[in-house]
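Residue strings, one per chain:
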Amino acid sequence: MQSMTGFGSKELEVPPYGKITLELKSSNHKFLETVFHLPDGFLSLEDKIKKRIEVKIKRGRLTCAMAVAAAKTSRAFINKALLKNYIAALKKIKKDFVILDEITLSTLIHLPGVLYLETSSIPKQNVWPRIKLLVNGALDELVKTRQKEGKALLGYLKVRQEALKTNLVFIENRSKKAIREKLQTMATDEERTSFLKDTDITEEKERLAFHISNFKNKLSKRGAIGKELDFIAQEMQREANTLGAKTFDLGISARAVQIKSQIEKIREQVQNIE
């Protein structure tokens, strides 16, 4: 079982670019959504990186950020033609909107594509084998942190599932005794028949028992199970609500409230499971 929350990073020397660091952060999401923050010139690798991620991650909102610490031998160049276009566009904006701010060097060199390294002209596919190692390393670390949190969630959910089972056993035993005692206070068969019809929770108990057992079985399953667990928890909640509404006994009502509370806690946690 994996949580959808995790972090992984890896850095590697990738000639001729220098040291490249890749960070992967993941959080809760209904599906797999990947957001990339790649340096200029590395955008062509986005699809390749995404495919590597999809091999190991099935759900979650994942942010992939890459940073390049340029090698000392790299030389910086200015794209003069692009810079002239930027300056012309900025001057027109100043004139059209009566902006008094000066165009500064700091502003210009941070515009996309103005300043670049000589290595940026080297085809990125030539360094993909090294970048792939970087991605795989960060992914391995990300999966480990997700599995670690998933293990903790698994223990938590098992405790909640056992608590549901215990409460249901109490309700089963209590309902037999409560019905027997209540029937003894009734004078006619018609009254007893009406009472039994209105307060029969047999189906709800059986369905709830089935869902609790199914939930337990799914916990031992590998792969992406978060959606299945959430669906089962919704079904358990539906049966618990009906059971609580039909009961006439305070002891059973109290346990029904406990069951609903346990299910709410389960639903909160399964939202973070892949």
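Up top is the structure these notes are about.
Residues numbered from 1 in each chain as written. Predicted model: local features only at pLDDT ≥ 70, side-chain atom pairs only at ≥ 80, totals over all residues. Heavy atoms only, no water.

Draft legend 1. Expanded view of the pattern of salt bridges. Going through the model one piece at a time under the given rule, you end up with 16 salt bridges. Where Lys-56 meets Asp-140, a salt bridge forms, and the shortest distance between an N and an O atom there is 2.4 Å. Residue Lys-56 is located in helix 1 (residues 46-56), and its partner Asp-140 is located in helix 4 (residues 128-183); the two are separated by 84 residues in the primary sequence. Overlapping salt bridges bring together Glu-172, Lys-176 and Lys-205 as one network. (Salt bridge = Lys/Arg side-chain N within 4 Å of Asp/Glu carboxyl O. Helix = DSSP H or I, 4+ residues; strand = E, 2+ residues; numbered from the N terminus.)

Draft legend 2. Region of interest: the pairing of strand 2 (residues 18-27). Pairing between strand 1 (residues 6-14) and strand 2: 9 bridges, direction antiparallel. By the bridge assignment for strand 2, Phe-7 is matched with Lys-25. Connecting the antiparallel pair strand 1 and strand 2 is a turn made up of 3 residues. (Pairing = 2+ DSSP bridges.)

Draft legend 3. Representation of a nonpolar patch on the surface. On the surface, Ile-78, Leu-105, Ile-109 and Leu-115 cluster together into a nonpolar patch covering about 380 Å² of accessible area. Topologically, Ile-78 is positioned in strand 5 (residues 76-78). Look at Ile-78 and you get partly exposed, because its relative accessible area is 47%. (Patch = residues over 30% accessible without salt bridge, like charges linked within 9 Å, V, L, I, M, F, W, Y side chains within 5 Å. Areas by Shrake-Rupley, 256 points an atom, 1.4 Å probe, with all protein chains shown as cover. Buried < 20%, exposed > 50% of the residue type's maximum accessible area, 1.4 Å probe, protein only.)

Draft legend 4. Inspection of the side chain of His-211 at higher detail. Residue position: His-211 is located in helix 6 (residues 202-219). Setting aside residues up to four positions removed in sequence, His-211 forms contacts with Ile-232, Glu-235, Met-236 and Glu-239. (Contact = heavy atoms within 4.5 Å.)

Draft legend 5. Here's a closer look at the environment of Glu-13. Structurally, Glu-13 can be placed in strand 1. Here the alpha-carbon distance between Glu-13 and Ile-131, two residues 118 residues apart in the chain, equals 9.6 Å. Beyond its immediate chain neighbours, meaning those up to four positions away, Glu-13 contacts Gly-18, Lys-19 and Arg-130.

Nothing here speaks to function; it is all geometry.
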